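Residue-level structure breakdown
Read off the chains here:
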Amino acid sequence: MSSDSSKKRKPKVIRTDGGPQEGKRGKPDADQDAKYYSEEAEVDLRDPNKDYELYKQTCQDLQKLMAEIQELKSKGSKDSAGEIEERRIQSCVHFMTLKKLNRLAHIRLKKGRDQTHEAKQKVDAYHLQLQNLLYEVMHLQKEITKCLEFKSKHEEIELVTVEEFYKEAPPEISKPEITRSDPHQQTLSRLDWELEQRKRLAEKYKESLANKEKILKEIEVKKEYLSNLQPRLNSIMQASLPVQEYLSMPFDQVHKQYEMARHLPPPLYVLFVQASAYGQACDKKLAVAIEGSVEEAKALCKLPEDSQDDESDSDAEEEQTTKRRRPTLGVQLDDKRKEMLRRHPLSVTVELTCKDGSLLLLTFYYLMNLNVMTVKARVTTATEMTMPVSAGDLLSLDSLLSCLYHRDHGKKTPNPANQFQFDKVGIVSLNDYVTELGHPYMWVQKLGGLNFPKDQPQSPVVADNSLSASHMERTMKLLKMRLESRLALHKQFASLVFLTSRTPRMSLACAFLQALLFSSLDVTPGLLCRAVMKRFDVLHKWCSEHGILPVSSECQHLFPAKIVSRLTKWTAITYEDYLELPYTKDVVEAGLAEDTHLYYMALVERGTAKLQAAVVLNPGYSSIPPIFSLCLNWKGEKTGSNDSNIRAMESEVSVCYKELQGPKPGHQLLTNQLQRLCVVLDVYLETETHDNSVEGPKEFPQEKMCLRLVRGPSRMKPFKYNYPQGFFSHR
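Residues numbered from 1 in each chain as written. Predicted model: local features only at pLDDT ≥ 70, side-chain atom pairs only at ≥ 80, totals over all residues. Heavy atoms only, no water.

**Quick look at unusual backbone geometry**
- Tyrosine 621 connects to serine 622 through a cis peptide bond whose omega is 10°.
- As for its placement among the helices and strands, serine 622 is situated in the loop between strand E7 (609–617) and strand E8 (627–633).
- Looking along the chain, the bond that leaves lysine 664 and enters proline 665 is cis, with omega of 5°.
- Of note, the phi angle at lysine 175 is positive, near 45°, even though the residue is not glycine. (Helix = DSSP H or I, 4+ residues; strand = E, 2+ residues; numbered from the N terminus.)

**A word on the sheet that holds strand E12 (residues 727–729)**
- The strand order across the open sheet built from 3 strands is E10-E12-E11, with neighbouring strands paired in mixed fashion. Two strands close off the open sheet at either side, each with one partner strand: strand E10 (705–706) and strand E11 (720–722).
- In the sheet, E10 pairs with E12 via 2 bridges, with the strands oriented parallel. By the bridge assignment, cysteine 706 is partnered in E12 with phenylalanine 728. (Pairing = 2+ DSSP bridges.)

**Here we look at the pattern of salt bridges**
- Scanning the model with the defined rule gives 29 salt bridges in all.
- Taken together, the shared-partner salt bridges in this structure form one network comprising Glu42, Arg46, Asp51, Lys100 and Arg108. (Salt bridge = Lys/Arg side-chain N within 4 Å of Asp/Glu carboxyl O.)

**Digging into the nonpolar core**
- Within the largest apolar cluster, 49 residues are counted, with the highest numbers of intra-cluster contacts made by Phe364, Leu401, Trp443 and Leu479.
- Not counting residues within four places of it along the chain, the set of residues in contact with tryptophan 443 comprises Phe364, Val375, Leu401, Leu404, Tyr405, Asp408, Thr475 and Leu479.
- If you look at the next biggest cluster of nonpolar residues, it comprises 48 residues, including Leu394, Leu598, Ala602 and Leu611. (Core = buried A, V, L, I, M, F, W, Y, C linked by side-chain atoms within 4.5 Å. Buried < 20%, exposed > 50% of the residue type's maximum accessible area, 1.4 Å probe, protein only. Contact = heavy atoms within 4.5 Å.)

**Quick notes on the packing of aromatic side chains**
- Counted according to the given criterion, the structure contains 10 aromatic pairs.
- With 5.5 Å between their ring centres and 40° between their planes, tyrosine 575 and tyrosine 599 make a pair best called tilted. Separated by 24 residues along the polypeptide, tyrosine 575 in helix H22 (residues 575–580) and tyrosine 599 in strand E6 (residues 598–606) bring together distant segments of the chain.
- Relative accessible area serves as the criterion here: at 23%, tyrosine 575 is assigned to the partly exposed category. (Phe/Tyr/Trp six-rings, centres within 6.5 Å; stacked < 30°, edge-to-face > 60°.)

**Notes on the sheet that holds strand E2 (residues 346–353)**
- What the 4 strands build is an open sheet, ordered E1-E2-E3-E4; its pairing is antiparallel. Two strands bound the open sheet, and with one partner strand each, they are strand E1 (287–292) and strand E4 (372–380). Taken pair by pair, the neighbouring strands of this sheet meet at an average axis angle of 25°, ignoring direction.
- Relative to E2, E1 runs antiparallel, the two sharing 6 bridges. Note that in E2 the partner of alanine 289 across the bridge is threonine 349. (Axes fitted to C-alpha atoms, helices over the stretch in contact; angles between N-to-C directions.)

**Examining helix H16 (residues 418–425)**
- Of the positions making up H16, those classed as buried are Asn418, Phe422 and Val425. Along the long axis of H16, the arc covered by the buried residues comes to 70°, so they all point the same way. Away from its buried face, by an angle of more than 90 degrees, H16 presents the exposed residues Phe420, Asp423 and Lys424. (Arc of directions from axis to C-beta.)

**Quick look at the pairing of E7**
- Counting buried residues along E7, 7 of its 9 residues qualify, which places the element largely inside the surrounding structure.
- Bridge analysis of E6 against E7 gives 9 bridges, and the strand direction is antiparallel. Paired with arginine 606 across the strands is alanine 609, a residue of E7.
- If you look at the hairpin formed by E6 and E7, you'll find 2 residues sitting between the two strands, and glycine 607 has a positive phi there, around 65°.
- As defined by bridge partners, E7 adjoins E8 across 7 bridges and the pair is classed as antiparallel. Bridging from a neighbouring strand, lysine 610 pairs with asparagine 633 of E8.

Here is the structure:
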């Protein structure tokens, strides 16, 4: 067989799905079908591994035969045609074997697929049965849950206990012989007893309604009687006003105050009640009053109800206003700040009267949204007082009430929750608004019964009467003491400014001369000139001798008779100026100088020596003494850091202050300290050694009697004055 004929021959189509094969004309071949089914039976008898080995061996043989045919053809010998034909026949046999192995492989694949399909069908059937069973189980569980969760209407009714039921219910309803053994019948009987009780209560309710209508009619009759009685009582009260004024018993005014007190917020109400009680029991001069608009307070209380009733109207107005103009972000923040810092329309005023007739008027306010109280103060003196520049801060609110208790500056809000409220509206600190609102001191909160504990920041703050009562007496006494000490300081400052200023002296001299001229119009010119010159000499001598500090007669024994040094300057300075002074560093580092204190500068002179004194005045004067820091300009600059005697002078004035307090309560302490400062300067200058090489008299002759001029290696000077002997000694 030639290669061309083999190329043109069409192979038969072998079906791998087990169907009959078709020839060229498409008819089924019975022999092929018989062969296929015989091979299908043969598959079960043959070993697949052996068929695989046979397949590999056949492929190798076929490959070998093809190689030999190729080799023979390449030789081109005529004798090799028979060998090629023989090898071609062998190759055809191997192809037949490969076809058979291919058919067997397809039959095995079909059987494997059929078996897999049958197994999958069984698994699907089992899975379907499982799903059906699970669905049945779930349905049964739902039904069980419904049965378990079923609640009857009688379970919502609160029935009496079983013991009360058998004790109170009659036997025809309770039926104990049946219901004790049957819970269902027991429940039905308890429901019957509940129905019987409710019927009885319904009858009682109808009777109560009838009694209510009867009582309401009686109340209306009494109201009408009382409304007619009110005008008569008012006329009687008006007629009794002269009697009340004559007996100093203002019942009508007190009644109005207590009517207004009903509209006070709780902290102000607690303050009003406790202050009134303290005034009646301990201080008859204490006056407590309520100020403000009662109508606004009433409207403030009714605001939530009105806003609920007129909600639709307010919404409509708001929509109209927003349509007309939408406020900017800055305007909205300003409105929120104003609402946040809003005060209650009513306030409480407390008037404290001192022994000399001076008044301290305290006005207490309540900030509703911040839940804190503030206070403003105003002082009215018994006599008209001159207001020197250095005393300007003594009676101001920031200084007068500051640090009434330790470190109570009144610059920060005592309520910790306020800081979160400030953050929402852009308020940095309440200190920026204290001029308008007042200072929120801690003692003010205590008087109103408000306490803000740090260990329980989230607990609601409620006005406590006991807290206010426990702080009322001490606070009022401290306020009186503070006012008295400030008034005494004011008088001392007025005298100090007069001593250290030339303007009042010259004004007084001019006024005196003018009065003298107008009163001497009828005298001769010569006599007038001699009188003017004589009066002027007297006035000049008085002005020169008036440099002595005005020490009270009770404190004259604390100082020697002759004091040469004079106070020539007394002015107020700022806290920043005090910090810049080099000789005040020790006081600042010790924490004795704060921005709430008052600072002054004094200058004491004698000859060429000038002693500067920086004074720290604590708000708690005179229980807390002023502190002096000294700097002597004489033969160089001498301070406490480079001269032990200057440090001893500071100690003599600031540390040994108890010797200078004088009679209680010691309000003249500052004047006595300044006088002692002049004394120790005299001692310092007079005990200095004289330079014999310098000709002329001694600048500071010794006029004080001292036991020893100096002592010890540090050459300490005797600054202690001993009365009544009149000499100076060392401490």
